[in-house]
Amino acid sequence: ITGITFDTFFKETPMISIVATDDETSIVEVGYYVSDTELDVSSIATWTTISSGDSVDLGNVDGNYVVYAYAIDSNNNKTVVSTDGLVLDTVVPVVQRNTSNIINNSVFCGSVMFTVSDLNLSDVYIDNESLIAKNSSYVIYGDDLTHEIKAIDKAGNETIVNVTVYKTHDYDESINSNIALLSGDNRVDAIFCAHTHELINEKITRTDGVQIPVVQN
């Protein structure tokens, strides 16, 4: 038994049943062995004997599996077979921005660059448009719209997040000047600008002559 490839994927532990039959004689012994790689069956020293029709417990640990099985009939003829390479993958793809997971309904300004990672990544979509699936970066540019990011792996695990990406906002000095003119109970001690996507660290003079900071980071 050679040439086993690990390209059959499951997101839940598969049920493997071993059934042995013989048209001319009876089956006297059935056994199996579970490996995480292809083996020379002559190197398998310890088999687990079961009854024909019983199931093999693969457990629930993600990884590669090959199930080898044998059957012996009453004339002592022996047949050994194996499954294809099986991959148990229960982990959903990860969609991140700056190493942090993007949560559903996130809001960004200007543009958003994100990565998709998965050991067995299969497909990546933005608004149902298929992209080249790779463990790498993608970008959505600001357009004041909500976009769906979907990532699917070969086992069928999927991650879907919706993100709204607004266009870049301009820095308007006139607004800050008007704020600085406020007096009395409305007077401010500092101005913090949001969503300008500029590094700002300056001062503006209030009506009473005091300089107050204007900050955006």
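The coordinates are above.
Residues numbered from 1 in each chain as written. Predicted model: local features only at pLDDT ≥ 70, side-chain atom pairs only at ≥ 80, totals over all residues. Heavy atoms only, no water.

## Quick word on the packing of aromatic side chains
Stage number 1. In this structure the tally under the stated criterion is three aromatic pairs.
Stage number 2. Judged by centre distance (6.5 Å) and plane angle (65°), the ring pair of Tyr33 and Trp47 falls under edge-to-face. Taken together, the positions of Tyr33 in strand S3 (residues 27–35) and Trp47 in the loop between S3 and strand S4 (48–50) put the pair 14 residues apart, joining distant regions of the chain.
Stage number 3. Here Tyr33 falls in the partly exposed class, since its relative accessible area comes to 30%.
Stage number 4. Taken together, a centroid distance of 5.5 Å and an interplanar angle of 25° make the contact between Phe114 and Tyr138 stacked. In this pair, Phe114 is assigned in strand S12 (residues 111–117) and Tyr138 in strand S15 (residues 137–141), connecting sequence segments 24 residues apart. Each member of the pair Phe114 and Tyr138 is classed as buried. (Phe/Tyr/Trp six-rings, centres within 6.5 Å; stacked < 30°, edge-to-face > 60°. Helix = DSSP H or I, 4+ residues; strand = E, 2+ residues; numbered from the N terminus. Buried < 20%, exposed > 50% of the residue type's maximum accessible area, 1.4 Å probe, protein only.)

## Overview of the sheet that holds strand S10 (residues 100–101)
Stage number 1. Strand order in the open sheet formed by four strands is S10-S9-S12-S15, with antiparallel pairing between adjacent strands. Where the open sheet ends on each side, the last strands, each with one partner, are S10 and S15.
Stage number 2. Pairing analysis gives five bridges linking S12 to S15, with the strands arranged antiparallel. Along S15, the bridge assignment pairs Thr115 with Ser137. (Pairing = 2+ DSSP bridges.)

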